[in-house]
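Analysis of the macromolecular model
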Amino acid sequence: MHKEFATGEIPGFVHLYAGEEAIATGVCAHLRPDDYIASTHRGHGHAIAKGCDVHGMMAEIYGKRDGLCRGKGGSMHIADVDKGMLGANGIVGGGPPMNCGVGLSAKVRGTDQVGVSFTGDGGSNQGTFLESLNLASVWHLPCIFVVENNGYAESTSDRFHASGVDIAKRADGFGMPGVVVDGHDLFAVYEAAGAAIDRARAGGGPSLLECKVNRYYGHFEGDQQTYRAPGEVDELRRTRDCLDAFAGRVTAAGEVTAEDLRRVDDEVMALIDDAVAQAKAAPEPDPADLLTDVYVRY
Amino acid sequence: MISVGVVANPASGRDVRRLVTGASVFDNAEKGAMVHRLMAGLGAAGVDRVVMMPAGSGVSQSLHRHLSGRTGHLAAQRLPELDVLDMALCEDARDSAAAVRAMAERQVAAIVVLGGDGTHRVVAAHCGDIPLCALSTGTNNAFPELREATVAGMATGLVATGRLGGDGLVRRAKRFRVGVNGDAVVDSALVDVAVTADRWVGSRALWRVEAISEALVAFASPSAVGLSAVAGAVDPVPRAAPFGLYLSLAPPQRAPRVVAVALAPGLVTEVGVLEARRVDPGQVVALAARAGCLALDGEREVELGPADRVTVRLVPGPLVIDVDAVMAGASRLQLLDQATTRRADDGNHRPTGPGHQGAAPGLVPHDADHPRVRGAGAQGVRHRRDPRVRPPVCG
Amino acid sequence: MARVITFQKAVNEALDQEMARDPSVVLFGEDVAGGQGAGGELDAWGGVLGVTKGLYHKYPGRVLDTPISESAFIGAAVGAACSGLRPVAELMFVDFMGVCFDQIFNQGAKLRYMFGGKARVPMVIRTMWGAGIRAASQHSQSLYSIFTHVPGLKVAVPSTPYDAKGLLISAIRDDDPVIFFENKVLYTVEGEVPEESYTIPFGEASVVREGDDVSVVAIGRMVGMAQQAAEQLAADGIDCEVVDLRTTSPLDEDSIYETVEKTGRLVVVDEDNPRCGMAADVAALVAQNCFDDLQAPVQMVTAPHTPPPFSGLLEDLYVPSAEKIGEAVRRTTGGRVGARA
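Residues numbered from 1 in each chain as written. Chains lettered and ligands numbered in written order. Predicted model: local features only at pLDDT ≥ 70, side-chain atom pairs only at ≥ 80, totals over all residues.

Looking at the overall build of chain C
On a plain count of helices and strands, chain C comes out with 12 helices and 14 strands. Its C-alpha atoms give chain C a radius of gyration of 20 Å, within 12% of the compact-globule value 20 Å for 341 residues. With respect to the principal axes defined by its C-alpha atoms, chain C has extents near 65 × 45 × 45 Å. Every one of the 341 residues in chain C was classed for burial, and the buried ones make up 57%. Here the contacts in chain C between residues at least 6 apart in sequence split such that 77% fall between residues at least 24 apart. (Helix = DSSP H or I, 4+ residues; strand = E, 2+ residues; numbered from the N terminus. Rg over C-alpha atoms; globule rule 2.2 N^0.38 Å. Buried ≥ 20, exposed ≤ 12 C-beta atoms within 10 Å, placed from the backbone. Contact = placed C-beta atoms within 7 Å.)

Describing the interface of chain A and chain B
Facing 23 residues of chain A, the contacting portion of chain B comprises 19 residues. Mapped onto the side of chain A that touches chain B, the elements with two or more residues apiece are strand S6 (178–182) and helix H8 (186–201) of chain A. It is H8(A) that provides the largest number of residues to the side of chain A that touches chain B, a total of 8 residues. In terms of residue class, the side of chain A that touches chain B is built from 13 nonpolar, 4 polar and 6 charged. (Nonpolar A, V, L, I, M, F, W, Y, C, P; charged D, E, K, R; others polar.)

Quick word on the pairing of strand S3 (residues 143–149) of chain A
Residue and element names in this part refer to chain A. Most of S3 sits inside the fold, with 7 of its 7 residues counted as buried. Here S3 shows two buried faces, one formed by Cys-143, Phe-145, Val-147 and Asn-149 and the other by Ile-144, Val-146 and Glu-148. Where the polypeptide runs from strand S2 (residues 115–120) across helix H6 (residues 127–138) and back to S3, its parallel neighbour, the crossover connection is right-handed. Of the pairings in the sheet, the one linking S3 to strand S7 (residues 207–212) comprises 6 bridges and is parallel in character. Within S7, the residue paired with Val-146 across the bridge is Leu-209. (Right-handed = clockwise from strand over helix to strand, strands pointing away. Pairing = 2+ DSSP bridges.)

Here's the deal with helix H12 (residues 322–333) of chain C
Over its 12 residues, H12(C) runs 17 Å from end to end, which matches the ideal 16 Å to within 8%, given 1.5 Å per residue. Those residues of H12(C) that are buried lie in contact with strand S10 (214–218), helix H8 (221–234), strand S11 (240–244), strand S13 (266–270) and strand S14 (299–302) of chain C. (Expected span 1.5 Å × (residues − 1).)

Focus: the arrangement of the chains
Across the 2 pairs of chains in contact, the largest number of contacts is found between chains A and C. Left apart from each other, chain B and chain C have a closest C-alpha approach of 24 Å.

Points about the sheet that holds strand S12 (residues 267–279) of chain B
All names here are of chain B. Spatial ordering of the open sheet is given by S11-S12-S10-S9-S8-S14-S15, a layout of 7 strands whose pairing is antiparallel. With partners counted over all chains shown, the strands left at the sheet margins are strand S11 (257–264) and strand S15 (299–304), one partner each. Along the sheet, successive strands turn relative to each other by an average axial angle of 30°, direction set aside. The pairing of strand S14 (residues 292–296) with S15 spans 5 bridges and is antiparallel. Its bridge partner being in S15, Leu-296 is matched across the sheet by Glu-299. (Axes fitted to C-alpha atoms, helices over the stretch in contact; angles between N-to-C directions.)

Structural notes on the interface of chain C and chain A
Taken together, the 39 residues of chain C in the interface contact 40 residues of chain A. Ranked by residues supplied to the side of chain C that touches chain A, first place goes to helix H3 (residues 70–82) of chain C with 10 residues. Within the side of chain C that touches chain A, the residues separate by chemical class into 18 nonpolar, 14 polar and 7 charged.

Section: the packing of helix H5 (residues 95–109) of chain A against H3(C)
Closest axis-to-axis distance for the H5(A)/H3(C) pair is 6 Å, and the angle between their directions is 60°. As far as their axial angle goes, H3(C) and H5(A) are oblique. Like other packed secondary-structure pairs, H5(A) and H3(C) cross with a definite hand, here right-handed. Residues Pro97(A), Met98(A), Asn99(A), Cys100(A), Gly101(A), Val102(A), Leu104(A) and Ser105(A) of H5(A) touch H3(C), and the partners they reach there are Ser71(C), Ala72(C), Gly75(C), Ala76(C), Ala77(C), Val78(C), Gly79(C) and Ala80(C). (Parallel < 35°, antiparallel > 145°, perpendicular 65-115°, else oblique. Left-handed = near helix turned anticlockwise from the far one by under 90°.)

Remarks on the packing of H5(A) against H6(A)
Residues and elements named next belong to chain A. Direction vectors running N to C along H5 and H6 enclose 20°, while the axes themselves pass 8 Å from each other. By the criterion of interaxial angle, the relationship of H5 to H6 is roughly parallel. Note that H5 runs across H6; the crossing there is left-handed. Contacts between H5 and H6 pair Pro-96, Pro-97, Asn-99, Cys-100 and Gly-103 from the former with Thr-128, Phe-129, Ser-132, Leu-135 and Ala-136 from the latter. In terms of residue class, the contact of H5 with H6 is built from 6 nonpolar, 4 polar and no charged.

A look at the sheet that holds strand S7 (residues 178–183) of chain C
Residues and elements named next belong to chain C. Strand order in the open sheet made by the 7 strands is S3-S2-S4-S5-S7-S6-S12, with mixed pairing throughout. Edge positions in the sheet fall to strand S3 (63–65) and strand S12 (247–249), since each of these pairs with one other strand and no more. Across this sheet, the average inter-strand angle for adjacent strands is 20°, counted without regard to direction. Relative to S12, strand S6 (residues 154–156) runs antiparallel, the two being bridged by 2 bridges. The residue bridging Val-155 from the neighbouring strand is Ser-249, located in S12. Together, strand S2 (25–29), strand S4 (86–93), strand S5 (124–129), S6 and S7 form the strand contacts of helix H7 (residues 161–173), whose direction differs from that of S7 by roughly 160°.

Focus: the domain arrangement of chain C
Quoted interface sizes are often the accessible area lost when the parts come together. All names here are of chain C. Domains assigned within chain C are domain 1 (4–192) and domain 2 (206–333). The C-alpha centroid of domain 2 is placed 27 Å from the C-alpha centroid of domain 1. Between domain 1 and domain 2, the contact holds 26 residues from the first and 23 residues from the second. Of all elements in the fold, only helix H6 (144–148), S6, H7 and S7 reach the threshold of two or more residues within the side of domain 1 that touches domain 2. Class assignment for the residues of the side of domain 1 that touches domain 2 results in 13 nonpolar, 10 polar and 3 charged. (Domains from an automatic or database assignment.)

Looking at the confidence of the model for chain C
Summarising the model, chain C shows a mean pLDDT of 95, and 98% of its residues fall at 70 or more. Scoring the predicted complex yields pTM 0.82 and, for the interface, ipTM 0.88. (pLDDT = per-residue confidence, 0-100.)

Focus on the nonpolar core
The biggest cluster of nonpolar side chains holds 295 residues, and the ones touching the most others in it are Val189(A), Ala192(A), Ile111(B), Val112(B), Cys133(B), Val216(C) and Ala226(C). When sequence neighbours within four positions are dropped, the list of residues in contact with Val112(B) reads Val4(B), Val6(B), Leu38(B), Cys133(B), Leu135(B), Ala152(B) and Thr156(B). (Core = buried A, V, L, I, M, F, W, Y, C linked by C-beta atoms within 7 Å.)

Looking at the environment of Asp43(C)
Residues and elements named next belong to chain C. Considering the arrangement of structural elements, one finds Asp-43 in the loop between S2 and helix H2 (55–58). For Asp-43, a count of 20 C-beta atoms within 10 Å puts it in the buried group. The spacing of Asp-43 and Gly-54 is 11 residues in sequence and 6.9 Å in space, taken between C-alpha atoms. Those residues in contact with Asp-43, other than ones at most four positions away along the chain, are Ala-33, Gly-34, Gly-35, Lys-53, Gly-54, Tyr-56 and His-57.

Concerning helix H5 (residues 117–126) of chain B
Of all 10 residues making up H5(B), 9 are buried, and the element is well covered by its neighbours. For H5(B), every residue scored as buried is listed here: Asp117(B), Gly118(B), Thr119(B), His120(B), Arg121(B), Val122(B), Val123(B), Ala124(B) and Ala125(B).

Here's the deal with the pairing of strand S2 (residues 49–52) of chain B
Residue and element names in this part refer to chain B. Across 4 bridges, the pairing between strand S1 (residues 3–8) and S2 is parallel. Paired with Gly-5 across the strands is Val-51, a residue of S2. Where S2 meets strand S3 (residues 81–84), 4 bridges bridge the pair, whose relative direction is parallel. For Val-51, the partnering residue across the bridge sits in S3 and is Asp-83.

Below you can see the structure in the form of structure tokens.
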């Protein structure tokens with residue numbers, strides 16, 4: 001995406017998830033198709049992990065008619081409600097209230113579905129986030145609030161924008177457990193998310209997972225990241241990459257061979273290349289689509 | 001210049017047991033408050049300086065809020081200077097290790113640790129013979145105590161300034177030295193070593209007892225929480241005893257003995273015990289080779305493959321200040337009076353009092369300077385205003 | 001003969017009948033029941049003005065009080081609507097829209113469009129509007145024009161108990177997000193309302209008084225005000241046609257053009273402030289589409305460009321009166337009686 005965006009062919013804004021993959025993977029691995037997630041502007045990872053079609057996603061990012069949202073949402077609003085993906089969101093903090101709604105729906109209808117919202121460290125300062133923690137607590141909803149703390153709210157470090165203590169500790173103020181998790185460690189995320197999701201499913205109520213992680217690319221594509229220390233991103237890629245760490249551990253433990261991993265990488269690269277090629281070649285939306293789907297019926 | 005080191009590890013909130021059990025930890029703001037209280041106790045006991053590991057995530061902020069907000073009675077307390085180590089933080093266990101090494105270089109007379117078993121483990125591996133005051137900051141710890149920090153500060157200060165000390169007041173704790181594949185990986189544990197079938201370190205915490213096959217505990221109290229309690233239910237081992245205990249565990253239905261223990265806060269579980277036997281100091285115990293994780297002091301630390309061989313040996317551990325014993329000793333020796341009035345009026349500190357080497361409990365050699373000897377009878381027993389108490393130095 | 005009930009009771013009845021019919025309808029908002037967590041009665045209030053009284057005990061688990069967290073619970077209405085419920089959330093006073101507007105206009109209104117038609121947000125937000133009870137600037141506004149402006153939302157502003165019940169039932173059954181405006185002064189107004197359940201389609205205005213001389217298009221409480229003006233003007237031989245828009249989105253443009261074609265003179269009455277409001281909207285549409293039918297410029301009668309004042313004397317000047325409507329009507333006739341030559 002980084003390379004393709006640089007060619008100028010992709011319209012609008014794109015916010016890349018690179019570096020944070022362990023979080024979406026570790027959390028969504030526990031979710032069923034009938035669970036819902038509400039994502040952020042940085043939603044490609046969440047969409048893939050929740051099972052959205054990659055070709056549909058790519059076509060959407062290119063604004064094409066065959067995109068998941070018929071070219072009308074783009075990267076920032078990528079969604080597939082049928083797969084329980086309530087959309088990437090252009091408003092930070094827009095997801096947590098919708099998460100409460102999902103939880104309320106499950107509770108009223110008596111199902112064991114859960115809702116998960118993803119919010120950045122920046123978004124965690126929005127009133128919506130804090131109100132949602134409170135509402136989910138007083139209504140005892142099956143909601144998990146995942147904070148992806150990559151240390152930056154756009155260009156501002158969390159050292160400046162977040163008051164002194166872990167974001168997870170805000171949950172304590174609402175009588176909800178909040179746990180800090182290393183967002184680079186798939187197994188740590190998987191375990192903690194599993195505990196939170198099982199708890200919610202069993203009626204144990206909401207919880208907060210603060211996954212501390214790093215992003216490699218800018219807030220948006222085109223952001224030169226001059227606010228980061230020189231060499232910071234290179235150092236992180238070298239020492240804290242979640243994919244490298246995962247590969248190292250599973251091969252060292254003998255669970256998976258390096259060959260297996262290479263094969264997966266090749267398959268994924270081929271999938272992505274094909275998706276890009278198809279998206280580029282795909283037709284634009286019909287001009288009449290401008291006026292469709294504002295309402296179910298007007 | 002008497003210095004005491006303080007390690008207040010801000011890595012709170014990283015405990016998934018808050019989701020799966022009823023555990024809770026002191027938050028970072030509370031830790032900052034504890035350090036402030038600790039400093040009050042250290043200062044009252046005559047410690048001049050606190051050397052502190054930089055503590056992020058709100059601990060330092062909270063501490064500075066307390067320090068700058070002192071009014072009324074609190075403002076009259078003498079506090080040591082606060083010297084925060086100038087070091088870059090990695091925000092993991094390496095920070096505590098580096099801080100302790102720096103404190104040793106500065107020749108601190110003691111180190112107070114505010115943290116859980118994990119933090120104490122790291123500090124103990126690097127502190128040599130510097131005595132530790134071990135303060136718990138959560139409900140799920142076996143090694144450090146839950147204790148009010150002001151009093152802990154006073155006790156630590158009495159030891160650090162040399163007014164009290166020795167066997168019975170500063171005890172040698174036990175430690176397990178752990179090797180994987182010979183000495184290929186060496187680590188240590190202060191409380192317990194366990195092998196769990198959990199495949200990955202993951203969120204570190206151990207809460208699934210059914211996955212644990214073998215464990216060694218340095219001390220075993222039936223009133224503890226965690227693996228130490230399992231051993232304590234079977235064969236209690238006091239902290240002061242030289243030996244430890246080895247346990248082999250199995251699912252309750254397959255075990256000849258089953259005990260119900262508080263394995264974690266809010267969680268009472270049945271644990272099946274196949275075997276329990278004492279482990280002597282220096283004895284090498286080889287654990288069965290199997291894939292899984294090695295957990296040290298309740299946290300999964302090392303992922304093991306089926307061919308990895310683990311050996312464990314009980315060795316001497318860190319020196320730990322017994323706060324109760326120190327304060328009892330201080331009371332008996334009327335050091336608490338002494339400690340606050342002992343300074344000469346020129347402000348110079350002269351260590352005095354019944355000695356810092358092994359004051360035998362219950363017997364206090366008379367000291368000519370001791371006011372009880374020096375005509376205290378003429379004055380009667382009365383409190384003298386501490387001449388060191390003066391308005392706090394600003395800044 | 002249909003029985004007579006208040007506007008407030010009509011709203012309650014619509015909610016009751018829909019909740020009985022469809023288990024996915026849930027009601028939540030601040031104090032919609034009242035008494036939660038306290039030692040006295042549950043359902044103590046049934047809404048700050050008692051509109052939702054009685055529903056809490058009748059539909060256990062489906063009437064929920066909320067903390068004062070509009071962002072969270074209005075956003076929850078959006079999320080719940082996407083995941084199997086038909087929520088009716090109450091925004092107690094429309095003046096509070098500022099604290100939750102993102103959830104309404106950026107989330108609820110746009111999800112269907114942004115997601116290429118693959119989402120539906122069948123939610124209703126009920127809200128109180130209107131000046132007249134000396135509630136002052138932050139509890140007396142109209143603001144439906146702002147919601148009307150947003151593509152993706154539907155807006156209903158009933159003026160009678162009959163319309164209130166029918167439009168609310170339609171709103172709840174509608175698969176799109178609807179903002180349902182309840183005028184606080186009209187709550188006690190009585191009217192004939194059938195006992196059975198019925199719907200009124202959106203986008204259908206109602207001609208409440210036929211006339212040949214001047215069309216007066218009005219919204220909400222101003223419909224009654226326009227009717228009063230019409231009575232007074234009839235005495236002077238000016239025969240007004242009064243049209244109640246009922247819903248501002250969708251807007252029944254055809255009925256507006258029809259009445260203008262018929263009379264050639266238009267006065268639009270709206271309690272809202274004048275800039276970018278419904279009056280300007282209707283006037284512009286008519287100017288564009290019915291220019292040749294107009295015998296005189298369109299007159300807009302609105303509140304002034306001020307916040308609603310507190311003082312009773314001032315508030316009564318703020319809200320358009322029958323007199324002001326009459327003056328506007330006379331301006332379109334140029335004083336001439338029987339103006340259609």
